[in-house]
Amino acid sequence: MTNKPTVAILGPGGVGGLLAALLSRAGHRVICLAREGTAEVLRRDGIQVRSGQFGDFGAAVEADTELREPVDACLIAVKQTTLDAALTRVPSAVLGDALVVPLLNGVEHPARLRSVYAPELVAPATIRVESTRVPAGAGEGVVIEHGSPFAEVDLAGAATVRPRLDALATALTAAGVTTRVVDDETAALWAKMAFLAPAALLTTRYGVPIGEIRTRYRAELEALVTETAAVGRACGAPTDPAGSLARYNLFPAAAKSSMLRDAEAGRALELDAIGGALLRAAERHGVAVPVAARLVKELGGVSG
């Protein structure tokens, strides 16, 4: 991988759009893969970022409905609910030996991706950020609002691709995204899950931002963090419930989970990828998760 890797980004929404703009601003060639309407807007008007951390700036990117040439890495930043349909935009034959870096919520998607692409090239990542695509005015392009005072990525993958992971981490860090390569994929995914699942389920169930979950619904938050940590431990991941609780304090009180934003916009929820995956892992390992089970049921339930 070169010092300025070419990066494809599948799904230029809140997360993908932010990473695309930051990488482009840092001098990388970025190819965004999206529906024709979005691709046309990106080609014409680019991406506008509004961020307290990174400033307000515009970035030009390439865009297409399908990957048509090899790249160094493909970051997958779609929602789990649209993953299968979106993967048709990234033919494995065209992708070649590029790294496949999913930034999806949940813990079950790496297995799905490894059934499509070379397993050792799939390098799961987690991102800690609040970033969302917002409605744009005429000529504004794709507009991304980055609300958290940080953007942090953990990359995990096979030892055979470690040098390439290190190169990608260096590129992302230089672009402004604090990135590290970690050894334990399971630990990385469950560290994210331990924070994400309680926040997503509670903010969406009660329709309130993080600040109210930290205070008004504190008891349920603590119970959910404890349950999720227990499932993570059963899956072989070291967990840190106190650390998970402390991380909620790093977000602005008005911050919303992506699941709550989806609910407010009438979009499909990632309830199965987050709550469902948690319940399935708990059942496999015989871990009781009564609070999580109740919230998932109240939010509409999940497939078996």
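For the structure itself, look to the data block above.
Residues numbered from 1 in each chain as written. Predicted model: local features only at pLDDT ≥ 70, side-chain atom pairs only at ≥ 80, totals over all residues. Heavy atoms only, no water.

Novice: How should I be thinking about the pairing of strand E2 (residues 30-33) in this particular structure?
Specialist: Moving residue by residue along a regular strand, the side chains alternate between the two faces of the sheet. Every second residue of E2 is oriented toward a common face, with Val30 and Cys32 on one face and Ile31 and Leu33 on the other, all of them buried. As defined by bridge partners, strand E1 (residues 7-10) adjoins E2 across four bridges and the pair is classed as parallel. In the sheet register, Ala8 faces E2, and the bridge partner there is Ile31. (Buried < 20%, exposed > 50% of the residue type's maximum accessible area, 1.4 Å probe, protein only. Helix = DSSP H or I, 4+ residues; strand = E, 2+ residues; numbered from the N terminus. Pairing = 2+ DSSP bridges.)

Novice: Honestly, the packing of aromatic side chains in this entry has me stumped. Any pointers?
Specialist: Centre distance and the angle of the planes are the two values used to describe a pair of aromatic rings. By the definition in use, this model includes four aromatic pairs. Relative to Phe251, the ring of Phe195 has its centre 5.4 Å away and its plane inclined at 20°; by these criteria the two rings are stacked. With Phe195 in helix H7 (residues 185-206) and Phe251 in the loop between helix H10 (241-248) and helix H11 (258-265), this pair connects stretches of sequence that are 56 residues apart. The exposure class assigned to Phe195 is buried, which follows from its relative accessible area of 12%. Phe251 gets classed as buried once you look at its relative accessible area, which sits at 11%. Taken together, the ring pairs in this structure connect Phe150, Phe195, Tyr248 and Phe251 into an aromatic cluster. Between the NZ or CZ atom of Arg25 and the centre of the ring of Phe57, over which it lies, the distance is 3.9 Å. (Phe/Tyr/Trp six-rings, centres within 6.5 Å; stacked < 30°, edge-to-face > 60°. Lys NZ or Arg CZ within 6 Å of the ring centre and 35° of its normal.)

Novice: Explain the packing of H7 against helix H9 (residues 218-234) here, please?
Specialist: Describing two packed helices takes the angle between their axes plus the distance from one axis to the other. At a minimum axis separation of 9 Å, H7 and H9 run at an interaxial angle of 145°. Considering only the axes of H7 and H9, their crossing is right-handed. Here H7 contributes Trp190, Met193, Ala194, Ala197, Pro198, Leu201, Leu202 and Tyr206 to the contact with H9, which in turn contributes Glu220, Leu221, Leu224, Val225, Thr228, Val231 and Gly232. Residues belonging to the contact of H7 with H9 are distributed by class as follows: 12 nonpolar, two polar and one charged. (Axes fitted to C-alpha atoms, helices over the stretch in contact; angles between N-to-C directions. Left-handed = near helix turned anticlockwise from the far one by under 90°. Contact = heavy atoms within 4.5 Å. Nonpolar A, V, L, I, M, F, W, Y, C, P; charged D, E, K, R; others polar.)

Novice: Explain the nonpolar core here, please?
Specialist: Taken as a class, soluble globular proteins show a tendency for nonpolar side chains to be buried jointly. Core analysis: the largest hydrophobic core is formed by 42 residues, its most contacted members being Ile9, Leu19, Leu23, Ile47, Leu75, Leu155 and Leu168. By residue number, the principal contributor to this core is helix H1 (residues 14-25), which donates six residues. Membership of the second largest hydrophobic core comes to 38 residues, among which are Ile210, Ile213, Leu245 and Leu299. (Core = buried A, V, L, I, M, F, W, Y, C linked by side-chain atoms within 4.5 Å.)

Novice: Can you walk me through the sheet that holds strand E3 (residues 47-51) in this structure?
Specialist: In a beta sheet, neighbouring strands are held together by backbone hydrogen bonds and run either parallel or antiparallel to one another. Spatially, the four strands line up as an open sheet ordered E4-E3-E10-E9, and their pairing is mixed. Two strands lie at the open edges of the sheet, namely strand E4 (57-59) and strand E9 (131-134), each paired on one side alone. Adjacent strand axes in the sheet meet at a mean angle of 25° when their direction is disregarded. Strand direction decides the pairing type here: E9 and strand E10 (residues 142-146), joined by four bridges, are antiparallel. For Arg133, the partnering residue across the bridge sits in E10 and is Ile144.

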